[in-house]
Amino acid sequence: MNLSPLLDPIREIPSYHELLLRIRHDEDLPQSLRTPRAARPSIIAALADDVHRPILYIVPRDNRLFTLQEELPAWLPSAHVQLFPAPNALFYEQTAWGSRTCRNRIATLTFLTANDQPDIGPLAAENRCVIIGATARAIMTRTLAVPQVLHY
């Protein structure tokens, strides 16, 4: 299903246009956009298509992150949706992180630094609409040290 033609009416909304101008001019954004949850994926897809910069979309829980992963490609099929998951273990637990979590976090960080590395630079150029989905917990959790990451 391709819902991208429905992004044009969103672009015609004056508040969307104002938000887009603020982002393009690197101005401060309002703390809350007061956008209904159901409208957020479509607005994020339109922003990703218009600003040509990675968009970090933070959600409260894992289940919302997986829903987002399914919804965004319908709104913008050309977008590259990358997940930055939270580890299974809590910060005070001594258990190992899952290999899928480590791989996804490494892939996201590699993708974000692709332009800084000449051997993988074209990767970022071919996927200009990048949306990174993460939970609040994933953003607050430190990534493993390099020796631990190389294990995966």
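Because the structure is a prediction, the values reported are computed rather than measured.

**Student:** Summarise the overall build of the chain; cite the residues concerned and give the values.
**Tutor:** Across its full length, the chain carries eight helices and three strands. Counting from the amino terminus, the chain carries its helices and strands in the arrangement α-α-α-β-α-β-α-α-β-α-α. Relative to its full complement of 152 residues, the chain shows a buried share of 36%. Summarising the internal contacts of the chain: among those between residues at least 6 apart in sequence, 72% fall at separations of at least 24. For the chain, the accessible area works out to roughly 9800 Å², and carbon and sulfur atoms hold 56% of it.

**Student:** An account of the nonpolar core is needed here, citing residue identities and associated values.
**Tutor:** Ranked by size, the top nonpolar core spans 24 residues in total, and within it L7, L47, L76 and I131 carry the most contacts. The greatest single-element share of this core, amounting to six residues, is contributed by helix 3 (residues 40-51). Not counting chain neighbours up to four residues away, the residues in contact with L76 comprise L7, A45, A48, D49 and C129. With seven residues, the next largest nonpolar core counts F84, F111, V130 and I132 among its residues.

**Student:** Tell me about helix 4 (residues 62-75), residues and numbers included.
**Tutor:** When the terminal C-alpha atoms of helix 4 are compared, their 20 Å separation across 14 residues agrees well with the 20 Å that a helix rising 1.5 Å per residue should span. Tucked into the core, helix 4 has its buried residues touching helix 1 (7-11), helix 3, strand 1 (55-59), strand 2 (80-84) and strand 3 (130-135).

**Student:** I'd like to hear about the side chain of T108, residue by residue, with values.
**Tutor:** Here T108 shows up in helix 5 (residues 99-112). Discounting chain neighbours no more than four positions away, the residues touching T108 are Q82, L83, F84 and I132.

**Student:** Give a description of the pattern of salt bridges that names residues and reports values.
**Tutor:** Here the structure, examined in full by the defined rule, presents five salt bridges. A salt bridge links D26 to R53, with the shortest nitrogen-to-oxygen separation between them at 3.3 Å. Highlighted residues: D26 in the loop between helix 2 (14-24) and helix 3 and R53 in the loop between helix 3 and strand 1, separated in sequence by 27 residues. Note that E71 is salt-bridged to R64, the shortest N-O span being 3.6 Å. The buried category is assigned to R64, whose relative accessible area is 12%. A single network of salt bridges, built from pairs that share partners, joins D8, R11, D49 and D50.

**Student:** Give a detailed account of the layout of surface pockets, specifying residues and quantitative values.
**Tutor:** If you add up the space inside the second largest pocket, you get close to 380 Å³. Residue lining of the second largest pocket: 14 residues in total, with L33, T35, R40, I44 and Y57 positioned closest to the centre. Among the secondary structure elements, those contributing two or more residues to the lining of the second largest pocket are helix 2, helix 3 and strand 1. A breakdown of the residues in the lining of the second largest pocket according to their chemical character gives twelve nonpolar, one polar and one charged.

**Student:** Outline a nonpolar patch on the surface, supporting the account with residue identities and numerical values.
**Tutor:** A contiguous nonpolar patch, built from L56, I58, I139 and M140 and spanning about 410 Å² of accessible area, is present on the exposed surface. Among the elements of the structure, strand 1 and helix 7 (136-140) are those that each provide at least two residues to the nonpolar patch.

**Student:** Provide a residue-level description of the packing of helix 3 against helix 4, including the pertinent values.
**Tutor:** Where helix 3 contacts helix 4, the two axes come as close as 9 Å, and the packing angle between them is 55°. Classed by the angle they form, the pair helix 3 and helix 4 counts as oblique. For the pair helix 3 and helix 4, the sense of crossing is right-handed. Residues P41, S42, I44 and A45 of helix 3 touch helix 4, and the partners they reach there are R64, E71, L72 and W75.

The rules behind the values
Residues numbered from 1 in each chain as written. Predicted model: local features only at pLDDT ≥ 70, side-chain atom pairs only at ≥ 80, totals over all residues. Heavy atoms only, no water. Helix = DSSP H or I, 4+ residues; strand = E, 2+ residues; numbered from the N terminus. Buried < 20%, exposed > 50% of the residue type's maximum accessible area, 1.4 Å probe, protein only. Contact = heavy atoms within 4.5 Å. Areas by Shrake-Rupley, 256 points an atom, 1.4 Å probe, with all protein chains shown as cover. Core = buried A, V, L, I, M, F, W, Y, C linked by side-chain atoms within 4.5 Å. Expected span 1.5 Å × (residues − 1). Salt bridge = Lys/Arg side-chain N within 4 Å of Asp/Glu carboxyl O. 1 Å grid on protein atoms, 1.4 Å probe; cavity = no way out; pocket = protein on both sides within 12 Å on 5 of 7 lines; lining within 4 Å. Points joined across faces, edges and corners; volume = space filled by probe spheres on them. Nonpolar A, V, L, I, M, F, W, Y, C, P; charged D, E, K, R; others polar. Patch = residues over 30% accessible without salt bridge, like charges linked within 9 Å, V, L, I, M, F, W, Y side chains within 5 Å. Axes fitted to C-alpha atoms, helices over the stretch in contact; angles between N-to-C directions. Parallel < 35°, antiparallel > 145°, perpendicular 65-115°, else oblique. Left-handed = near helix turned anticlockwise from the far one by under 90°.

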